[in-house]
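Observations on the three-dimensional arrangement
Now for the letters of each chain:
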Amino acid sequence: MTTPEIQFDPDAARFGSSRSQKRLEDDRLLTGMGQFSDDRVFAGQAWLALARSPHAHARIVRVELDAARAAPGVIAAWSIAELRADGVGHIPFPPLFRRADGSPMAAPPRTLLAGDQVFYVGQPVAAVIAESREQAQDAAERVQLEYDELPCVVDPRRALEAGAPQLWPDAPGNVAAEQRYGDARAVDAALAGAAHVTQLRLHNQRLMAFAVEPRSSIGVVENGRVTLYTQNQTPTGARDSLAAALGGQPADYRVIVGDIGGGFGMKTGLSNEDALVCHAARRLGRPVRWRAERSEEFLAAHMGRDQHYEAQLALDRDGHILALRVDVLANFGAVPVGSTAIIPLALGPKVQTTVYRVPRIDFRIRGLLTNTMATGAYRGAGRPEANYLMERLIEQAAREMNIDSAEIRRRNFVRESDFPFRTHLGDVYDAGAFGRMLDALLARADWNGFGARRAEAKRRGRLRGRGLASYLEWTGAIPTETVDIQVDAEGTVTVFSGTQAMGQGLETTYTQLIAEVLQIPIRGVKIVQGDTDRATGVGSVGSRSAFVGGSATVAAGRRVIVRGREIAAEALEAASGDIEYRDGRFAIAGTDRSITLAQAAAREAQGFIRVSATETPSAPSWPNGAQACEVEIDPETGEVDVVALTSVDDIGRIINHMIVEGQIHGGMAQGVGQALYEQAVYDPESGQLLTGSLMDYCVPRADQFPALRVSFDESVPCKTNLLGVKGCGEIGTIGAVPAAVHAVLDALEGRGAAQLEMPFTPEKIWRALQGAGQPVRGGAR
């Protein structure tokens, strides 16, 4: 049964009373009992390795496999020719967007191995399957490849220029897709009549979605079907993509996911390697596995961000926003993945005005093809990029107009009296208290005491700065989820959910919810995820798991009680309305006649109660908050120390406080990582990845952070879902990036650093302080 247009239920919102519940999955994970991909071993398994392109753009002249096939232990070696002969297709991207002329989005198809051309360094060209991993890797190096190298382009701004190398004939000018929002003429008029216009050119740099556990997959033929054992945030979608790429129906495939050592959006959809091991298993009749080397993760796992902006913000003389114009060039890479286009063309624009009233907008977003690995979902997926731009604009306007940073935000917030607030894109903010979040943050961060801290740092020869950010998140991607619950005759309650745990504590969260609905001990609850034969759904992306999946869990739990009450009424020979439920027991009101939930389950014909609930929240949720960051800079070296990072967030009702704090902490760390440390860089001439290892790509460490101070305001629950929750998995990242950037710029104010771009590395800062101007590769313009 489907429950449409779900609204907030105050009775359901009480769930989460066990806020201090420790994570149930941690004992298993910390004692080495987790089930990660590499923990699985199959009898007779073979290994797959790939020969990858060393060129960013080239025609493939010849693929010679004889030497590889003759190598010790080799079972098979394939190029695209062998795959085509077997009827293998490509992994499609969603046909959601168009070019400016109305034609469909255009880009090279994602074939499992390269066809007539290679489009980026690391693109798989040939596959070798051997008895051992080492034998497969050795043989892959014997594949003889001959190329006719072509000019390449890695920067979307250059890709748009006349005379730039063209990647795909159906995408002239390298524009794969384009989207427009707003009223250009109205914005023209507002800009012409504005008392002040702030203008910025910014680059939200390319990032690696660095997961501790590299991608790994195993294809196995079981009972005539192909099973993919992998790490995937969206198992059902991966199953369906297997059918699209390899042929057949989704029912011909099964996807099983164990524990995941980090996902962050990169482990969504289906990878080329996933499909290759499944085809190999089916073709060879034995298990075939692949595990990425770390260097392969850098080269060939999709990356995040990489958007260039030109923006104008029009304001009146009092600092009230009149209009916003944004022109975005989004680097799609060469061969898009499923999430590539939707992030800049749809998700970013949803929150581009963030927490502010912006009367007029004009957004133009173009997705450009370049000779790089595809960009795709990475923690926040479009919302960090949009919020960063808006915060940089509002902060720059405050400095240019000599208005206090907090005050200019207050003047432009969507007011509490404005809710429900309809955006230019037609979305509706159901509730919010943006000014309250900012005021609470300023008090928590001791904003007014900063002067003394800055003076004390100056006496030590250090530059101290502070930064502020207000921000808005959007959660609830594809807002429908189904949960099944089964109660057996022993009283064990099993929850089947199509969402997917990847470190965010869903086993604990769902167990808490169902234990409280059914008023039973948590030890009697089991959670099943990550098996498309047992549970299907959208998966876990866009901070949707509690928002949608949690609501469905509670709804299904309530249906258990409804069905149990019907069974108890029959067993106790009473009217259903006279049956009360408490602490796992059904009783006739005012009597001691009762049966347990387990006894009710045993009376079903099949020996268990089985119910299903599909929840569809009536609208997305809009988590929001404010962050403050303080940094100290050593002017002799340019090194930046984050000395304070504080947040106040409205994420609606909280189910488990410890889990939520952990999610915010992790998001903050990744946000600071982008601001200060991380950038994926391609050589503009050769298209080679220059940051292809941890020697070149800096990932933040725990010892680079102070104690993070996070707090929450639960007084504004979400009105569009059963629990009043809003989602918390990505909001920490969204706020930390601009807060940290503003803190560094504040510390460097008046020292020629206004045009610095992320990441604010020591070298960039040192050069700026020395007046050297242009930083090195990947640095500021």
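Refer to the structure printed above.
Calculation criteria
- Residues numbered from 1 in each chain as written.
- Predicted model: local features only at pLDDT ≥ 70, side-chain atom pairs only at ≥ 80, totals over all residues.
- Heavy atoms only, no water.
- Helix = DSSP H or I, 4+ residues; strand = E, 2+ residues; numbered from the N terminus.
- Rg over C-alpha atoms; globule rule 2.2 N^0.38 Å.
- Buried < 20%, exposed > 50% of the residue type's maximum accessible area, 1.4 Å probe, protein only.
- Contact = heavy atoms within 4.5 Å.
- Areas by Shrake-Rupley, 256 points an atom, 1.4 Å probe, with all protein chains shown as cover.
- Lys, Arg positive; Asp, Glu negative; His and termini not counted.
- Charge placed at Lys NZ, Arg CZ, Asp CG, Glu CD.
- Arc of directions from axis to C-beta.
- Salt bridge = Lys/Arg side-chain N within 4 Å of Asp/Glu carboxyl O.
- Pairing = 2+ DSSP bridges.
- Expected span 1.5 Å × (residues − 1).
- Axes fitted to C-alpha atoms, helices over the stretch in contact; angles between N-to-C directions.
- 1 Å grid on protein atoms, 1.4 Å probe; cavity = no way out; pocket = protein on both sides within 12 Å on 5 of 7 lines; lining within 4 Å.
- Points joined across faces, edges and corners; volume = space filled by probe spheres on them.
- Nonpolar A, V, L, I, M, F, W, Y, C, P; charged D, E, K, R; others polar.

Let us look at the overall build of the protein chain. A count of helical and extended segments in the protein chain gives 20 helices and 31 strands. Relative to the globule expectation of 28 Å for 781 residues, the C-alpha radius of gyration of the protein chain, 27 Å, shows essentially globular dimensions. The principal-axis extent of the C-alpha atoms belonging to the protein chain is close to 85 × 70 × 55 Å. Taken across its 781 residues, the protein chain has 61% of its residues classed as buried. Considering only residue pairs separated by 6 or more positions, the protein chain has 80% of its internal contacts joining residues 24 or more positions apart. Summed over all atoms, the accessible surface of the protein chain reaches about 28,800 Å², with 49% contributed by carbon and sulfur. Averaging the locations of the 83 positively and 95 negatively charged side chains of the protein chain gives two centres separated by 2 Å.

Next up on the list: the environment of A469. Within the secondary structure, A469 is located in strand β21 (residues 463-472). Judged by relative accessible area, which is 0%, A469 ranks as buried. Along the primary structure A469 and S647 are separated by 178 residues, whereas in three dimensions their C-alpha atoms are 9.5 Å apart. Excluding its chain neighbours within four sequence positions, the residues that come into contact with A469 are E391, R409, G625, A626, Q627, G735, P738 and A739.

Of the positions making up helix α6 (residues 184-193), those classed as buried are V187, A190 and L191. Mapping the buried residues of α6 onto a view down its axis gives an arc of 100°, with all of them on the same face. Turned more than 90 degrees off the buried face of α6, the exposed positions are R185, A189, A192 and G193. The secondary structure elements touched by the buried residues of α6 are β11 (196-207), β16 (304-315), β17 (321-333) and β18 (360-369).

Looking now at the pattern of salt bridges. Tallying each qualifying case throughout the model produces 59 salt bridges. The partner of R254 in a salt bridge is D533, with the nearest N and O atoms 3.4 Å apart. Of this pair, R254 sits in strand β14 (residues 253-257) while D533 sits in the loop between β24 (525-528) and α16 (545-572), and the two are 279 residues apart along the sequence. Overall, D533 belongs to the partly exposed group, its relative accessible area being 39%.

A word on the pairing of β18. Counting buried residues along β18, eight of its ten residues qualify, which places the element largely inside the surrounding structure. Relative to β18, strand β10 (residues 175-182) is paired through seven bridges, and the arrangement is antiparallel. Bridge pairing in β18 links A177 to G367.

Below, the discussion takes up unusual backbone geometry. Cis rather than trans, the peptide bond between F419 and P420 has omega equal to -5°. Each neighbour pair has its own omega, and for M758 with P759 the value is -5°, a cis peptide bond. With respect to the helices and strands, P759 occurs in the loop between α19 (731-747) and α20 (762-770). Positive phi is not limited to glycine here, since F264 has a value of about 60°. In this structure, F264 sits in the loop between β14 and α8 (272-284). By relative accessible area, F264 is classed as partly exposed at 26%.

Glancing now at α8. For α8, built from 13 residues, the straight-helix expectation of 18 Å at 1.5 Å per residue is met to within 8% by its first-to-last C-alpha distance of 18 Å. Counting buried positions along α8 yields ten of 13 residues, so the element is predominantly enclosed. Among the residues of α8, those classed as buried are N272, E273, D274, A275, L276, V277, C278, H279, A280 and A281. Phi for G285, located one or two positions after α8, is positive at around 70°.

All right, on to the sheet that holds strand β15 (residues 288-291) then. Reading across from one edge, β4-β8-β2-β15-β12-β13-β14 is the order of the seven strands in this open sheet, with mixed pairing throughout. Of all strands in the sheet, those with a lone pairing partner are β4 (74-78) and β14, marking the two edges. On average, adjacent strands in this sheet sit at an angle of 25° to one another, irrespective of strand direction. The sheet contact formed by β4 and strand β8 (residues 124-130) spans four bridges and is antiparallel.

Pairing is antiparallel in the open sheet, where three strands are placed in the order β25-β26-β27. On the outer flanks of this sheet lie β25 (579-582) and β27 (594-596), each paired with one strand and no other. For this sheet, the mean angle separating the axes of adjacent strands, direction not counted, is 20°. Here β25 pairs with strand β26 (residues 585-588) via four bridges, running antiparallel. Following the sheet pairing, Y581 is matched in β26 by F586.

Okay, empty space enclosed by the protein next. Under the counting rule described, the total for this entry stands at seven cavities of 30 Å³ or more. Within this model, the largest cavity holds a volume of roughly 110 Å³. Along its surface, the largest cavity is lined by 15 residues, and V328, P344, G348, P349 and Q352 are the ones closest to its centre. At the level of elements, β16, β17, α10 (342-350), β18 and α11 (383-401) are the ones that each hand at least two residues to the lining of the largest cavity. Broken down by element, the residue count for the lining of the largest cavity peaks at four residues, all from α10. Looking at side-chain class alone, the lining of the largest cavity contains nine nonpolar, four polar and two charged residues.

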